[in-house]
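A structural walkthrough
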Amino acid sequence: MSGLEDLYREIILDHYRNPRNQGELETPPAVMAEGFNPLCGDEVTVHIHVEDGVIVDMKFGGHGCSISLASASMMTTVTTGKSLSEAKDIIYSFKQMMSIHEGRLEEGSEETDSPMAGLGDLQALQGVVKFPVRIKCATLGWNTLEQCFEELASQ
Amino acid sequence: MSGLEDLYREIILDHYRNPRNQGELETPPAVMAEGFNPLCGDEVTVHIHVEDGVIVDMKFGGHGCSISLASASMMTTVTTGKSLSEAKDIIYSFKQMMSIHEGRLEEGSEETDSPMAGLGDLQALQGVVKFPVRIKCATLGWNTLEQCFEELASQ
Amino acid sequence: MSFNVSVLKKDFPLLSREENGEPLIYLDSAATSQKPQKVLDVIDSYYREINANVHRGAYRLAEQATTAMEEAREKVSSFIKSDRSEEIIFTKNATESMNLVARSWGESNLNEGDVVLVSSLEHHANIVPWHQLAESRGIEVRWIPLTESGLFDLTDLDRLLDGVKLVAVSGASNVLGTVPPVRMLADAAHNVGALCLVDASQYVPHRPTDLAELGCDFLAFTGHKMCGPTGIGVLWGRSELLESMPAFLGGGEMILDVTKEGFTTNTIPWKFEAGTPPIAEIVGLGAAVDYLESVGMENVLDHEKTLTSYALQTLSDRFGNDLIIHGPNDVSVRGGVLSMCYQDVHPHDVSQILDSHGVCVRAGHHCAKPLMKLLDVNATVRASLYLYNDESDVDALADALEATGQFFSP
Amino acid sequence: MSFNVSVLKKDFPLLSREENGEPLIYLDSAATSQKPQKVLDVIDSYYREINANVHRGAYRLAEQATTAMEEAREKVSSFIKSDRSEEIIFTKNATESMNLVARSWGESNLNEGDVVLVSSLEHHANIVPWHQLAESRGIEVRWIPLTESGLFDLTDLDRLLDGVKLVAVSGASNVLGTVPPVRMLADAAHNVGALCLVDASQYVPHRPTDLAELGCDFLAFTGHKMCGPTGIGVLWGRSELLESMPAFLGGGEMILDVTKEGFTTNTIPWKFEAGTPPIAEIVGLGAAVDYLESVGMENVLDHEKTLTSYALQTLSDRFGNDLIIHGPNDVSVRGGVLSMCYQDVHPHDVSQILDSHGVCVRAGHHCAKPLMKLLDVNATVRASLYLYNDESDVDALADALEATGQFFSP
Ligand SMILES: Cc1ncc(COP(=O)(O)O)c(C=O)c1O
Ligand SMILES: Cc1ncc(COP(=O)(O)O)c(C=O)c1O
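Residues numbered from 1 in each chain as written. Chains lettered and ligands numbered in written order. Predicted model: local features only at pLDDT ≥ 70, side-chain atom pairs only at ≥ 80, totals over all residues. Heavy atoms only, no water.

Ranked by size, the top nonpolar core spans 172 residues in total, and within it Leu 219 and Leu 387 of chain C together with Leu 219 and Leu 387 of chain D carry the most contacts. Leu 387 of chain C has contacts with Phe 3, Val 5, Leu 8, Phe 12, Cys 227, Tyr 291, Leu 292, Val 295, Val 300, His 303 and Glu 304 of chain C, leaving out every residue within four places of it along the chain. Judged by nonpolar contacts, the second largest core, of 76 residues, contains Ile 127 and Phe 218 of chain C together with Ala 125 and Trp 143 of chain D. (Core = buried A, V, L, I, M, F, W, Y, C linked by side-chain atoms within 4.5 Å. Buried < 20%, exposed > 50% of the residue type's maximum accessible area, 1.4 Å probe, protein only. Contact = heavy atoms within 4.5 Å.)

If you want it as structure tokens, here you go:
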């Protein structure tokens with residue numbers, strides 16, 4: 001079962017089985033974006049409601065694999081209540097983690113200034129980088145959240 | 001010099017150095033055709049003058065390698081004076097010889113009913129089949145002669 | 001040669017690879033097949049002993065390379081029972097073969113409103129080239145519907161054929177396994193003055209191919225799915241057609257003459273083979289044909305039929321309604337491709353767990369998105385069988401599926 | 001690595017082959033190069049260890065194959081100093097690369113009367129695609145003349161550039177060796193709002209390539225001339241251009257979505273890579289790049305310059321006016337390609353006799369018929385040098401030429 005437990009950490013399976021913040025929000029006042037993974041046809045929707053620069057509510061929907069659903073679910077729990085700029089920092093750190101080369105992962109995981117620091121539960125997703133095709137699954141929701149921000153900026 | 005003497009028999013080099021029946025004939029009464037070897041850009045012209053079904057005169061021209069020129073030269077000496085049907089038989093036998101597989105050549109060369117029987121000097125060209133790319137050189141003049149026949153038939 | 005899978009498996013070096021100490025179970029031959037050692041040896045010795053550019057070279061090495069390549073053309077030709085090897089055109093893959101037909105024949109024969117009839121289970125390679133012609137020339141792409149069990153629904157064939165200039169269908173589906181009635185469709189096409197192209201990418205590797213029986217006008221297939229190397233595909237076409245078609249790609253080899261003013265094209269097959277051909281790949285494909293013929297395509301077909309029956313039976317016995325297998329049940333009209341949906345576990349997750357058990361299957365849309373839409377799924381898990389698979393591979397698949405269920409059950 | 005030809009020669013198994021007991025002297029690298037053992041090993045182990053179809057596969061094997069292929073793209077990218085590997089598109093050969101530009105960019109940007117400016121020494125691969133556009137869209141193909149010594153005659157450049165939308169020239173000639181001033185031509189093209197395509201088939205294998213220095217917009221080259229396998233070519237293009245161009249071949253990999261109504265294209269580079277790519281060939285090309293980089297392209301260039309000087313000197317010393325060598329004399333503007341006419345012996349005959357001495361050279365028009373016409377010959381004998389050739393090869397050529405003279409002298 002080489003590395004499988006790295007991919008499917010218990011907390012990930014938990015979010016997959018019991019997704020948090022699933023659903024939609026009314027637009028307006030919320031904005032929404034749709035993400036699409038051409039590799040597997042998975043689709044995700046993200047709705048956010050921002051007031052005074054703070055994400056006051058967020059929902060996700062669509063269908064996808066355990067990794068994409070769990071990652072989107074965890075994303076909602078971590079970024080809701082954060083300011084837009086805090087959320088962007090988290091997205092940045094998360095994407096950094098997803099782009100770390102497998103080799104560096106093993107060595108670097110102790111360092112406190114590693115991009116994973118401060119990601120909390122999200123760190124459970126770091127095993128995904130050992131499975132390159134699944135990285136697109138893990139980042140699908142996050143890219144869609146970024147699209148929401150663009151949508152917001154263009155209003 | 002593996003097999004080189006099979007290709008460049010003395011009689012071939014002789015025809016190459018001293019081509020017979022080089023030149024042109026007046027058309028009409030003669031007919032002419034142009035042949036072309038796309039592999040090396042060689043071009044050959046053949047003029048024939050046929051009276052009462054007999055080739056009374058034949059000339060060839062153009063430029064080509066030793067094999068194509070010698071083969072065309074030999075062709076003129078062998079087919080001039082022959083009836084059209086005799087000439088076609090010779091062409092047929094010659095082309096048969098050119099399509100014999102190298103392997104069969106060694107075994108079959110003794111048999112009297114081999115296609116080479118009756119080709120006289122032309123047999124000197126049989127070594128060409130050991131050099132597949134040169135077969136197109138050896139047959140260039142002959143294909144052009146056949147074109148003359150078609151030209152004649154279409155008149 | 002009598003057919004013995006356990007012996008034959010040893011011909012394929014990759015199949016004896018172990019993944020974390022467990023043997024590797026390769027069930028993705030519909031994507032690409034593994035290669036027998038003999039094919040690898042032929043490619044290797046091509047490069048070590050006779051590598052040179054083909055045609056035009058008057059030295060021995062170049063002649064040997066040319067002969068090796070043209071002999072491979074003969075082999076491929078007789079493998080599909082063509083009696084004219086100049087009807088075999090080498091491309092880089094089946095996709096290029098179909099694009100060649102779309103661009104060369106299509107652009108000179110299809111006009112606004114003309115119809116190309118495809119089926120609803122086609123691979124993108126037999127869809128997108130026609131969509132491109134729809135964009136550029138306004139042709140219509142029309143779809144043969146499917147029955148519930150994934151067969152062609154031909155009840156309305158007459159109406160479907162109205163205005164059709166080309167019927168372009170798979171010889172065997174890479175998703176459902178379906179083997180449609182090609183001969184009947186080719187005859188029907190000819191009756192309305194249309195031509196018939198068969199995408200035989202999943203057909204030629206798996207059963208004896210006889211052009212006369214198929215009755216089609218073009219046949220496209222790809223080397224890497226039939227024990228051959230990557231980088232090589234084939235288009236067979238009737239010589240009269242090929243001769244009447246304009247050139248496709250322009251460059252060396254495909255010309256008789258080039259001047260500053262224009263060019264004249266070479267005869268077939270070279271007219272359609274611009275540039276240095278994939279020489280080693282052609283020679284390798286010839287070796288793959290030799291290999292398959294030494295096994296015997298009838299044997300390959302029989303073996304796959306038996307194994308597919310076993311797989312359908314085993315999986316339905318062990319998983320019942322938990323596992324949906326799309327496509328026909330009857331092995332006389334289907335190949336060894338099993339597209340599955342397992343409980344509500346996402347295909348990506350299924351294939352990931354299967355992989356951790358050393359079982360290689362594909363998860364995705366299999367380049368057949370219109371079919372996925374019809375099946376109302378985003379993706380399936382696909383296990384596909386080939387001559388080197390046996391019952392133990394199917395059992396390993398079933399065991400790994402069971403483990404998957406356990407893994408994701410709450 | 002310090003450059004030592006006799007050591008390096010041993011890397012190439014074919015070069016130690018003997019022909020009738022005599023060593024084989026390979027002087028036809030402009031047609032195709034020989035392959036180092038390391039490249040063959042990489043191809044072989046690709047098939048034996050990680051062969052699987054790329055992308056989309058969620059199992060380890062498929063991931064390894066995908067990673068190997070995409071790493072090769074990175075290698076090729078950095079080999080020509082591109083900083084964006086998505087600008088590297090894999091094709092089957094340089095010919096396809098140029099056809100891709102002609103069809104995709106050309107058909108959407110060129111209209112009746114627009115001019116494509118080529119030179120008089122181009123290979124058919126950089127002529128016929130433009131002739132095809134002349135036929136289909138009425139564009140004009142215009143020709144840069146040559147000087148007596150085979151250099152580009154640019155005295156009338158301003159006039160030549162009038163109405164030009166694309167300047168398409170060789171980076172190095174496969175007949176005369178000429179290395180034209182690409183940077184200057186690219187700048188001149190840009191000044192009139194045109195683009196510049198470089199056919200670098202004879203350039204990339206032989207000298208360090210730096211896109212920034214070349215200044216062009218498209219660069220085409222081919223794997224088999226640079227120690228890589230057959231069946232693989234490259235098109236590099238500026239990403240803005242590639243992104244704005246329509247797809248070329250249609251099929252799998254190149255799409256984002258396909259419905260019954262139409263399709264949307266993938267991002268670059270995949271937009272232009274329809275169907276299963278030549279995976280093993282791409283991986284093999286990556287290994288060829290590794291090999292060439294381990295030798296050092298500066299070293300390759302220096303070595304070839306020195307050897308070309310030696311060859312020009314030796315041949316002129318030994319044969320004087322009996323041997324005409326076409327093309328420039330100055331090794332700073334030419335590569336190691338020697339196109340020769342020897343007395344009045346036909347090139348076919350020369351190469352045949354040379355071959356009997358184990359010397360492999362090409363005789364023919366070298367896919368450059370317009371140039372042959374300009375030189376007023378049907379064919380030439382061409383000896384071409386590469387990193388594994390040395391002075392002894394040149395001496396063997398000269399000896400064999402002498403024997404040829406004797407053979408045909410009356
Ligand atoms: C200058 C030049 N351009 C283009 C080509 C075509 O390369 P390929 O045949 O690999 O497409 C060649 C070699 O044949 C060449 O020498
Ligand atoms: C039915 C079918 N058609 C066409 C293709 C395309 O083959 P290739 O990718 O080798 O061009 C495939 C395989 O991918 C296939 O399964």
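Before going further, it helps to examine the relation of the copies chain C and chain D. The transformation that overlays chain C on chain D combines an axial shift of 0.0 Å with a rotation of 180 degrees, and the residual RMSD is 0.0 Å. The transformation just described matches what one would write down for a two-fold rotation axis. When C-alpha distances to the rotation axis are compared across chain C, the minimum falls at Gly 231 of chain C, with a value of 2.9 Å. (Least-squares fit on C-alpha atoms with pLDDT ≥ 70 in both.)

What follows deals with the site of ligand 1. Neighbouring ligand 1 are 14 residues; Thr 276 of chain C together with Thr 95, Asp 199, Gln 202 and Lys 225 of chain D lie closest to it. More than one chain reaches ligand 1: the nearby residues come from chains C and D. With respect to ligand 1, the side chain of Asp 199 of chain D contributes an N or O atom lying 2.5 Å from a nitrogen atom. Within the side chain of Gln 202 of chain D, one N or O atom sits 2.7 Å away from an oxygen atom of ligand 1. Here the residues of the shell around ligand 1 are counted per class, giving 2 nonpolar, 10 polar and 2 charged. (Near = heavy atom within 4 Å. Polar contact = N/O pair within 3.5 Å; in protein donor to acceptor, adjacent residues only side chain to side chain. Nonpolar A, V, L, I, M, F, W, Y, C, P; charged D, E, K, R; others polar.)

Further remarks concern the pairing of strand β17 (residues 380–384) of chain C. Residue and element names in this part refer to chain C. Burial of β17 is extensive: 5 of the 5 residues sit out of reach of the surface. Burial along β17 is two-sided: the residues Thr 380, Arg 382 and Ser 384 and Val 381 and Ala 383 are all buried. Across 4 bridges, strand β14 (residues 337–342) lies against β17 in antiparallel orientation. Bridging across to β17, Val 337 finds its partner in Ser 384. Strand direction decides the pairing type here: strand β16 (residues 362–364) and β17, joined by 3 bridges, are antiparallel. Considered in β17, the bridge of Ala 363 is made with Val 381. (Helix = DSSP H or I, 4+ residues; strand = E, 2+ residues; numbered from the N terminus. Pairing = 2+ DSSP bridges.)

Glancing now at the site of ligand 2. Thr 95, Asp 199, Thr 222 and Lys 225 of chain C together with Thr 276 of chain D are the nearest of the 14 residues found near ligand 2. Near ligand 2, residues from chains C and D are present, making the site a shared one. At 2.7 Å, a side-chain N or O of His 224 of chain C approaches an oxygen atom of ligand 2. At 2.6 Å, a side-chain N or O of Thr 276 of chain D approaches an oxygen atom of ligand 2.

Further remarks concern the interface of chain C and chain D. On the chain D side, the residues contacting the 90 residues of chain C number 90 residues. Taken over both partners, the interface formed by chain C and chain D buries close to 7,300 Å², and the fraction arising from carbon and sulfur atoms is 55%. The largest share of the area that chain C buries against chain D comes from Tyr 47, Tyr 59 and Lys 260 of chain C, three residues that together contribute 10% of it. Taken together, chain C and chain D are joined by 4 salt bridges. At the junction of chain C with chain D, the criterion picks out 52 residue pairs in polar contact (both at pLDDT 80 or more). Looking at the side of chain C that touches chain D residue by residue, the classes come out as 38 nonpolar, 32 polar and 20 charged. (Buried area = accessible area lost by both parts, 1.4 Å probe. Salt bridge = Lys/Arg side-chain N within 4 Å of Asp/Glu carboxyl O.)

The next subject is the arrangement of the chains. There are 5 pairs of chains in contact here; the most contacts are made by chains C and D. Taking C-alpha atoms only, the smallest gap left between chain A and chain B, which are not in contact, amounts to 47 Å.

All names here are of chain A. The N-to-C vectors of helix α2 (residues 10–17) and helix α3 (residues 66–79) enclose an angle of 90 degrees; their axes lie 8 Å apart at closest approach. Relative to α3, α2 is oriented roughly perpendicular. Only Ser 66, Ile 67, Leu 69, Ala 70, Ser 73, Met 74 and Thr 77 of α3 make contact with α2, whose side of the interface consists of Ile 11, Ile 12, His 15 and Tyr 16. Looking at the contact of α2 with α3 residue by residue, the class counts come to 7 nonpolar, 4 polar and no charged. (Axes fitted to C-alpha atoms, helices over the stretch in contact; angles between N-to-C directions. Parallel < 35°, antiparallel > 145°, perpendicular 65-115°, else oblique.)

Turning our attention to the interface of chain A and chain C. At the interface, 22 residues of chain A touch 18 residues of chain C. For the chain A and chain C pair, buried surface summed over both sides reaches about 1,700 Å², with 53% attributable to carbon and sulfur atoms. Where chain A packs against chain C, one counts 1 salt bridge. Note that Asp 349 of chain C is salt-bridged to Arg 134 of chain A, the shortest N-O span being 2.9 Å. Listed by contribution, the elements that provide at least two residues to the side of chain A that touches chain C are α1 (4–7), α2, α3 and α6 (132–153) of chain A. If one sorts the elements of the side of chain A that touches chain C by residue count, α2 of chain A sits on top with 3 residues. Taken together, the residues of the side of chain A that touches chain C break down into 14 nonpolar, 5 polar and 3 charged.

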